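An overview of the molecular structure
Next come the chains, spelled out residue by residue.
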Amino acid sequence: MAMDAETFGQLIDTVRRFVDERLIPLEQQVAEDDKVPDDLIAEMKALGLFGLSVPEAYGGLGLTMEEEVRVGFQLGRTSPAFRSVFGTNVGIGSQGIVIDGTEAQKQQYLPKIASGEYVTSFALTEPEAGSDAASVRTTARLDGDHYVLNGTKRFITNAPTADILTVMARTNPDIAGAGGVSAFIVERRSPGLSFGKPEKKMGQQGAHVCDVIFDNCQVPAENLIGGAEGQGFKTAMKTLDRGRLHLAGVCVGFAERVIDTALAYAVERKQFGQPIAEFQLVQAMLADSKAEAYAGRCMTLDAAIRRDAGEDIATEAACCKMYTSEMCGRVVDRAVQIHGGNGYIADYGVERMYRDARLFRIYEGTTQIQQLVIARNMIREMRDAM
Ligand code: COS
């Protein structure tokens, strides 16, 4: 543990209260306005939420993976749009610099990321390169003391407000796959950088994604992450390993909130003269959801603790992301079913949760990509052992 148990307990209590008292009451408003209020963002900064995973030496809280996952359990209990405000700073937007950045890059950017002065994005996905991440077409050509980037990135979370972006681009056109990709820190004010219109989405209103367009965009050579070309794909993969565990924690928290909502409704709602919670078919749905959320909680904590101990958890992170996001989908589907007709009506909130949860199975690697990662690692390990 990076923090002593008492201090960490206080952090969890603070986040829990913030979620219960400040965020949950605003869920509907944020969904309708498609905007998280500025005063709430200021409170998130004051609580240190932007810097959960940034090392203390650079102004963050420096949480271990286990601690971060436990905070994720709390944050998951409300609309994912709230976590998105600082989620990229905690995860994919900052960790490329934390894991592989040079000392100068860390000193220049991490304190501003941790404080929330800078919002970050992670720009890997392209119109033609989503799951096949190694096939990025965005190019970066060295020209004197800067790189010139050309290409388009797609579905980039927080890009509409991002101050800096971690961008994966191909520095070596002769290497078609992962080895030709490098990672860059690109500042918003860079010449040649522009942004598309925020996309209309199925759910998670309040969180924004858009295209990022590089048109002879100039980036100083010292912003090549780690100072070495050809390492960008690995930086992205390591960043995603970590992000997938964080997201698994959020999925578990989300599922637990949904179960509470469904349980409260089932105990209250009467049909055939008694609460529907007394009916065994409803009980089966509640019980399956409870057991699956518990399984998700246990596996996510186990993988996080193992990562903190220095183990390679790429397989386990993929297992956690796959299981918890799919589990979340099942749990919220049952919750809609338990609510019956009311589950389809916006006033009850479950309808919004159903739409919000759908993205968990897609972003930061689809379920099918997690399956591929898990199976390939299993096969590789077996071959290595032979
Ligand atoms: N950590 C560190 N290094 C890793 C790694 C990881 N988790 N995963 C792969 N690598 C390394 C490999 O070891 C390999 O290194 P060498 O060339 O030195 O051997 C290199 O990276 C290339 O790996 P691989 O050959 O597995 O690359 P592929 O193109 O086959 O990767 C997958 C395929 C599916 C794994 C990859 O494209 C992927 O994860 N896609 C999903 C991306 C994603 O999640 N997108 C969502 C949007 S971003 S929010």
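Our subject in this report is the structure included herewith. None of these values were measured; they are calculated from a predicted model.

1. What to know about the overall build of the protein chain
When helices and strands are tallied, the protein chain shows twelve helices and nine strands. For a compact globule of 386 residues, the expected C-alpha radius of gyration is about 21 Å, and the protein chain comes in at 21 Å, within 12% of that figure. Each of the three principal axes of the protein chain carries a C-alpha extent, and together these read 80 × 55 × 45 Å. Scored against the burial criterion, the 386 residues of the protein chain give a buried share of 52%.

2. Side note on the side chain of Thr78
Within the secondary structure, Thr78 sits in the loop between α4 (65-75) and α5 (80-90). Judged by relative accessible area, Thr78 falls into the buried class, the value being 3%.

3. Considering the site of the ligand
Close contacts around the ligand come from 22 residues, with Ser131, Lys234, Asp241, Arg244 and Arg376 the closest. In this structure, a nitrogen atom belonging to the ligand sits 2.7 Å away from a main-chain N or O atom of Ser131. A distance of 2.8 Å separates a nitrogen atom of the ligand from a polar side-chain atom of Asp241. Against a free-state accessible area of 1,000 Å², the protein chains account for coverage of 67% of the ligand. Of all elements in the fold, only α8 (232-268) and α12 (367-385) reach the threshold of two or more residues within the shell around the ligand. No other element matches the seven residues that α8 contributes to the shell around the ligand. Counting the residues that make up the shell around the ligand, at least three belong to each of domain 2 (120-229) and domain 3 (234-385).

4. Looking at the pairing of strand β5 (residues 181-187)
Counted residue by residue, β5 has seven buried out of seven residues, so it is predominantly covered. A two-sided burial pattern is seen for β5, the buried positions comprising Val181, Ala183, Ile185 and Glu187 on one face and Ser182, Phe184 and Val186 on the other. Inspection of the sheet shows strand β4 (residues 164-170) paired to β5 by seven bridges, in the antiparallel sense. Paired with Leu165 across the two strands is Val186, which belongs to β5.

5. What to know about the nonpolar core
Counting 39 residues, the largest nonpolar core has Leu245, Phe254, Val258, Ala266, Ile338 and Phe360 as the members making the most contacts within it. If you list the elements that add at least two residues to this core, you get α4, α8, α9 (280-308), α10 (314-339) and α11 (350-358). The residues that make up this core include at least three from each of domain 1 (5-115) and domain 3 (234-385). In contact with Phe254, other than residues within four places in its own chain, are Gly76, Arg77, Thr78, Pro80, Cys328, Val332, Met353, Asp356, Ala357 and Phe360. Counting 25 residues, the second largest nonpolar core, distinct from the first, contains Val54, Leu124, Ala183 and Leu240.

6. A few points about the packing of aromatic side chains
Taken as a whole and judged by the stated rule, the model has seven aromatic pairs. Arranged with centres 6.0 Å apart and planes meeting at 85°, the rings of Phe272 and Phe279 form a pair that is edge-to-face. Considering the side-chain rings of Phe360 and Tyr363, the 6.3 Å spacing of their centres and the 45° angle between planes classify their relative orientation as tilted. Residue Phe360 shares its accessibility class with Tyr363, and that shared class is buried.

7. Describing a nonpolar patch on the surface
Judged by side-chain polarity, Tyr344, Ile345 and Tyr348 come together as a nonpolar surface patch covering roughly 370 Å² of accessible area. Turning to its location among the elements, Ile345 is positioned in the loop between α10 and α11.

8. Description of the state of the cysteines
A full pass over the atoms with the stated rule returns zero disulfides. Of all cysteine sulfurs in the structure, the one in Cys210 sits closest to Cys217, which takes part in no disulfide; the separation is 14 Å. Of the residues examined, Cys217 reaches a relative accessible area of 0% and is grouped as buried. Unpaired in this structure, Cys328 has its nearest cysteine sulfur neighbour in Cys251, at a distance of 4.7 Å.

The rules we used
Residues numbered from 1 in each chain as written. Predicted model: local features only at pLDDT ≥ 70, side-chain atom pairs only at ≥ 80, totals over all residues. Heavy atoms only, no water. Helix = DSSP H or I, 4+ residues; strand = E, 2+ residues; numbered from the N terminus. Rg over C-alpha atoms; globule rule 2.2 N^0.38 Å. Buried < 20%, exposed > 50% of the residue type's maximum accessible area, 1.4 Å probe, protein only. Near = heavy atom within 4 Å. Polar contact = N/O pair within 3.5 Å; in protein donor to acceptor, adjacent residues only side chain to side chain. Areas by Shrake-Rupley, 256 points an atom, 1.4 Å probe, with all protein chains shown as cover. Domains from an automatic or database assignment. Pairing = 2+ DSSP bridges. Core = buried A, V, L, I, M, F, W, Y, C linked by side-chain atoms within 4.5 Å. Contact = heavy atoms within 4.5 Å. Phe/Tyr/Trp six-rings, centres within 6.5 Å; stacked < 30°, edge-to-face > 60°. Patch = residues over 30% accessible without salt bridge, like charges linked within 9 Å, V, L, I, M, F, W, Y side chains within 5 Å. Salt bridge = Lys/Arg side-chain N within 4 Å of Asp/Glu carboxyl O. Disulfide = S-S within 2.5 Å.

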